[in-house]
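# Descriptive structure summary
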Amino acid sequence: MKTYFAPSELLINEDGSVYHLHVKPEQLADKIIVVGDPARVDLIASYFDDVECQIVSREFHTTTGTYRGKRISIISTGIGCDNVDIVLNEIDALANIDFQTRETKDRLRSFEIVRIGTCGGLQPDTPIGTYICSEVSIGFDGLLNFYQGRNAVCDLPMERALLNHLGWSGNMCCPAPYAIHSDKELVERIARTDMKRGITVACGGFFGPQGRQLRIPLADPHQNEKIGSFEYDGLRITNYEMESSALAGLSRLLGHRATTVCLVIANRVAQEANTDYKKLMNNLIQMVLERI
Ligand code: R1P
Ligand code: URA
């Protein structure tokens, strides 16, 4: 049975492009690299052989082109899982909803999506300069809780074990954290043996939610010690960033395959940071372009 999506639910611009991204259905490749920083789109595109289109709309910059014969789209999300909700739903609509009839297509398209980002390392063996591939993402952002099917795709025992370990109750559990596995084959192909693998926690903020205290005291001053000592099924929490959970979760619910790779630019245990990471990011970009 076909589902019809009203103009208020799927917003389409006058020129036939999707509302926020301003991208048209034919402009999207099956392989997609997602980044937070719009400037990173141009950096990645500088490695392309050919550029087919470049679209700029708010923080959502999209470039489609080819890298060694592979057609790839690069899209910036800006910061946060709320923006990933927009990007994932709009790219899925571009692929799987007919913009003329506003109905789902008979044959559904599936994307391969890799996010390239920066993150904070949470273990002594994830120093600045480490590349981490997320085998699992834990969302402290709450986004997936609004979608039916969340429990079917999440690792519920891992969620319970983490909450137990943190000893959180009341406001600290609102919204409930969700644990979602990345696509296994994609993790193997992207991480190979030269990237660290682990559990990534995606937070709804850079400061308090990541246990950083400036002038406001934290609700749980021991959050990062507890996060660092959590172990589940041989995996530890390796890093904090702000988008991987929504990317993995929505991809799973929509039938796309996704994972996140991040460069560690701050280590919370050693209390060190490096804001001059251009060379290391360039290297990570080239690794992903070869492997996607
Ligand atoms: C915070 O500084 C930003 O950096 C990380 C976080 O997820 C957040 O978006 O990723 P990006 O480097 O992709 O922006
Ligand atoms: N991005 C984050 O979200 N956290 C960090 O500590 C560094 C980059």
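Rules and cut-offs
- Residues numbered from 1 in each chain as written.
- Chains lettered and ligands numbered in written order.
- Predicted model: local features only at pLDDT ≥ 70, side-chain atom pairs only at ≥ 80, totals over all residues.
- Heavy atoms only, no water.
- Domains from an automatic or database assignment.
- Contact = heavy atoms within 4.5 Å.
- Buried area = accessible area lost by both parts, 1.4 Å probe.
- Salt bridge = Lys/Arg side-chain N within 4 Å of Asp/Glu carboxyl O.
- Helix = DSSP H or I, 4+ residues; strand = E, 2+ residues; numbered from the N terminus.
- Buried < 20%, exposed > 50% of the residue type's maximum accessible area, 1.4 Å probe, protein only.
- Lys, Arg positive; Asp, Glu negative; His and termini not counted.
- Polar contact = N/O pair within 3.5 Å; in protein donor to acceptor, adjacent residues only side chain to side chain.
- UniProt positions renumbered as here; feature names shortened; annotations may be inferred.
- Near = heavy atom within 4 Å.
- Areas by Shrake-Rupley, 256 points an atom, 1.4 Å probe, with all protein chains shown as cover.

So, on to the domain arrangement of the protein. Each assigned domain of the protein is listed with its residue range as follows: domain 1 (1-109) and domain 2 (118-276). Taking only C-alpha atoms, the centre of domain 1 and the centre of domain 2 are 25 Å apart. With 14 residues of domain 1 at the interface, the matching set in domain 2 holds 13 residues. With both sides pooled, the region where domain 1 packs onto domain 2 buries about 1,100 Å², and carbon together with sulfur makes up 67% of that total. Joining domain 1 to domain 2, the criterion identifies 0 salt bridges.

Considering the arrangement of structural elements, one finds Asp155 in the loop between α3 (150-153) and α4 (156-166). Nearest to the buried, unbridged Asp155 among oppositely charged side chains is Arg160, at 7.5 Å. Within the structure, Asp155 has its side chain in polar contact with the backbone nitrogen of Met158 (distance 3.1 Å). At 2.9 Å, the side chain of Asp155 and the side chain of His181 are in polar contact.

Residues annotated by UniProt as "domain: Nucleoside phosphorylase" (unreviewed entry) correspond here to residues 32-274. Measuring from the first to the last C-alpha atom of residues 32-274 gives 28 Å, for a span that is 27% helix and 34% strand.

With that settled, the discussion passes to the site of ligand 1. In the vicinity of ligand 1, the contacting residues are Gly36, Arg40, Ile79, Arg115, Gly117, Thr118, Phe206, Glu241, Met242 and Glu243. Between ligand 1 and the protein, one listed contact pairs an oxygen atom with a side-chain N or O atom of Arg40 at 2.9 Å. Within the side chain of Arg115, an N or O atom sits 2.7 Å from an oxygen atom of ligand 1. Burial of ligand 1 by the surrounding chains reaches 85%, relative to a free accessible area of 340 Å². The greatest single-element share of the shell around ligand 1, amounting to 3 residues, is contributed by strand β7 (residues 112-121). Both domains that meet at the shell around ligand 1, namely domain 1 (1-109) and domain 2 (118-276), each give it at least three residues.

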